[in-house]
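Chains, contacts and geometry: an overview
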2 protein chains.
Amino acid sequence: MKKRYEGKTKDVYELEDGNFLLKFKDDVTGEDGVFDPGANTVGLTIEGAGRAGLKVTTLFFEKLKERNIPTHYIASDLENTTMTVVPATVFGEGLEVICRYRAVGSFLRRYGKYAEEGQALDSFVEVTLKDDERGDPPISKDALEMLGILTSEEYETLKKLTIDISEVVKEELAKKDIELYDIKLEFGRDKAGDILLIDEISGGNMRAYRKGEYIEPLELEKILTAE
Amino acid sequence: MKKRYEGKTKDVYELEDGNFLLKFKDDVTGEDGVFDPGANTVGLTIEGAGRAGLKVTTLFFEKLKERNIPTHYIASDLENTTMTVVPATVFGEGLEVICRYRAVGSFLRRYGKYAEEGQALDSFVEVTLKDDERGDPPISKDALEMLGILTSEEYETLKKLTIDISEVVKEELAKKDIELYDIKLEFGRDKAGDILLIDEISGGNMRAYRKGEYIEPLELEKILTAE
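Cut-offs used in this document
Residues numbered from 1 in each chain as written. Chains lettered and ligands numbered in written order. Predicted model: local features only at pLDDT ≥ 70, side-chain atom pairs only at ≥ 80, totals over all residues. Heavy atoms only, no water. 1 Å grid on protein atoms, 1.4 Å probe; cavity = no way out; pocket = protein on both sides within 12 Å on 5 of 7 lines; lining within 4 Å. Points joined across faces, edges and corners; volume = space filled by probe spheres on them. Least-squares fit on C-alpha atoms with pLDDT ≥ 70 in both. Contact = heavy atoms within 4.5 Å. Helix = DSSP H or I, 4+ residues; strand = E, 2+ residues; numbered from the N terminus. Buried < 20%, exposed > 50% of the residue type's maximum accessible area, 1.4 Å probe, protein only. Pairing = 2+ DSSP bridges. Polar contact = N/O pair within 3.5 Å; in protein donor to acceptor, adjacent residues only side chain to side chain. Domains from an automatic or database assignment. Salt bridge = Lys/Arg side-chain N within 4 Å of Asp/Glu carboxyl O. Nonpolar A, V, L, I, M, F, W, Y, C, P; charged D, E, K, R; others polar.

Size it by volume and the second largest pocket reaches roughly 440 Å³. Residue lining of the second largest pocket: 30 residues in total, with Ser140, Lys141 and Asp142 of chain A together with Ser140 and Lys141 of chain B positioned closest to the centre.

What follows is about the relation of the copies chain A and chain B. With an RMSD of 0.0 Å, the operation that places chain A on chain B is a rotation of 180° combined with a shift of 0.0 Å along the axis. Within this description, the copies of the chain are treated as partners about a two-fold rotation axis. Minimal C-alpha separation from the rotation axis in chain A is found for Ser140 of chain A, amounting to 2.9 Å. Interface residue correspondence from chain A to chain B reaches 100%, placing this contact among same-surface, isologous pairings.

The next subject is unusual backbone geometry. Non-glycine residue Lys211 of chain A carries a positive phi angle of around 50°. Tracing the backbone shows Lys211 of chain A in the loop between β15 (206-210) and β16 (213-215). Phi at Asn68 of chain B takes a positive value of approximately 60°, unusual for a residue other than glycine. With respect to the helices and strands, the residue Asn68 of chain B is situated in the loop between α1 (49-66) and β7 (73-77). The exposure class assigned to Asn68 of chain B is exposed, which follows from its relative accessible area of 69%.

What follows concerns the environment of Lys63 of chain A. Residue and element names in this part refer to chain A. Along the chain, the position of Lys63 falls in helix α1 (residues 49-66). In this structure, the C-alpha to C-alpha distance between Lys63 and Val168, residues 105 residues apart in sequence, is 7.5 Å. If near-sequence neighbours (up to four positions away) are discounted, Lys63 is found in contact with Val168, Glu172 and Lys175.

Residue and element names in this part refer to chain A. Going residue by residue along strand β8 (residues 82-85), you find Thr82 and Thr84 tucked away on one face and Met83 and Val85 tucked away on the opposite face as well. Here strand β3 (residues 20-24) runs beside β8; their pairing, made up of four bridges, is antiparallel. Following the sheet pairing, Phe20 is matched in β8 by Val85. Of the strand pairs in this sheet, strand β7 (residues 73-77) and β8 are connected by four bridges, and their pairing is antiparallel.

Now for the side chain of Thr81 of chain A. All names here are of chain A. Mapped onto the elements of the fold, Thr81 is located in the loop between β7 and β8. There is a polar contact of 3.0 Å between the side chain of Thr81 and the side chain of Lys23. Other than its neighbours up to four places away in sequence, Thr81 contacts Leu22, Lys23, Phe24, Gly50, Arg51 and Leu54.

Residue and element names in this part refer to chain A. Domain assignment breaks chain A into domain 1 (2-85) and domain 2 (90-216). When each unit is reduced to the centre of its C-alpha atoms, the spacing between domain 1 and domain 2 is 18 Å. Listed by partner, the interface residues are 20 residues for domain 1 and 21 residues for domain 2. In this structure, the salt-bridge partner of Lys63 is Glu172, at a minimum N-O distance of 3.8 Å. At the boundary of domain 1 and domain 2, one finds seven residue pairs in polar contact (both at pLDDT 80 or more). For the side of domain 1 that touches domain 2, the secondary structure elements donating two or more residues are β3 and α1. The greatest single-element share of the side of domain 1 that touches domain 2, amounting to seven residues, is contributed by α1. Among the residues making up the side of domain 1 that touches domain 2, the classes are represented as ten nonpolar, six polar and four charged.

As structure tokens, then:
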């Protein structure tokens, strides 16, 4: 088993059958010892964080499987905190696809002239480039096409999948009286070139609220995986 | 004649027949006494700047008229540095529509991971919100539609007009061996709701180069209006 990549919160190994193994770590991103899912550096280690993230991810990937939504997920091993996935390549050097149900965060910072904080948004999808140095800039369909990152057709597939996947997560949260404000997904192409959801869906990928109160990612994971 | 609006570089008056009169001023935007067309404050006064801007604007609006491209332009009075226009309302609180032929400026600052400085772009159109406080953020077609600023159909009209108008300007500059790198336009709706080009097209609206050397807006205006 060969280590292919060492990430901030996950390591990636190549298996003998060609599939990949993701090892979820207890390292979480943050700054000055404070957990911040949007941060670009590892801030601290929290015992059990890797397993909690994997449990939630597995829950959602299983739901998506039931609905025949394409993901890289094959199986999870909670004891060893690993997930087996099909190999996939990212678009360009990596994109994040965001689905928004309420105006908060960077959307509000950009469009606050036209939107109020917390205003309802209708499954609004936007794409940002993974580029720490340039502050993960948002990018339009036209620009993605022109720069050779996505074709126009791939963009539409990505947008539709994002709306469908986010709806599944939103419904799961609603069962626990939690409202999903926004969620950040990652996609890739498999060997055949088909688009599929990759990475993870854990507390750090989304903003969730209960009765107007923000729920921290680790608390959210606890609520979602409670028996 | 009633003053309707006092701008940084132009004042707007309402005429008795319902049309508007734009008075081009010698005030130019900039900071610390240095001319900068992208600045949001009046930096200095340059004698003749208003007339030079009006001359170039008139030249381009006349070209657009010949090609039946809709603009707010009716006539210019160079002696009094005024232009008569049809009244129009802006989209939301104002948009800027940019057409790019080469990757420079804010495009490069955002997408420098995927584009080299000066790389050719194929009439790439993007829209930004006029919002000094939030740094004039770029905004997608979907977001413009969702926030009620433009309909999807209006966006497509705006994009097509931008490409056509920019091509006219590009061709004019090419006659003087000048290459247009990018240009910034403003649009509005007339009383019937039809989309038309508004504001001005002068040196400060574009980036132009000759043999790889950037040409300052006032120098560009001199070259374009030389007999």
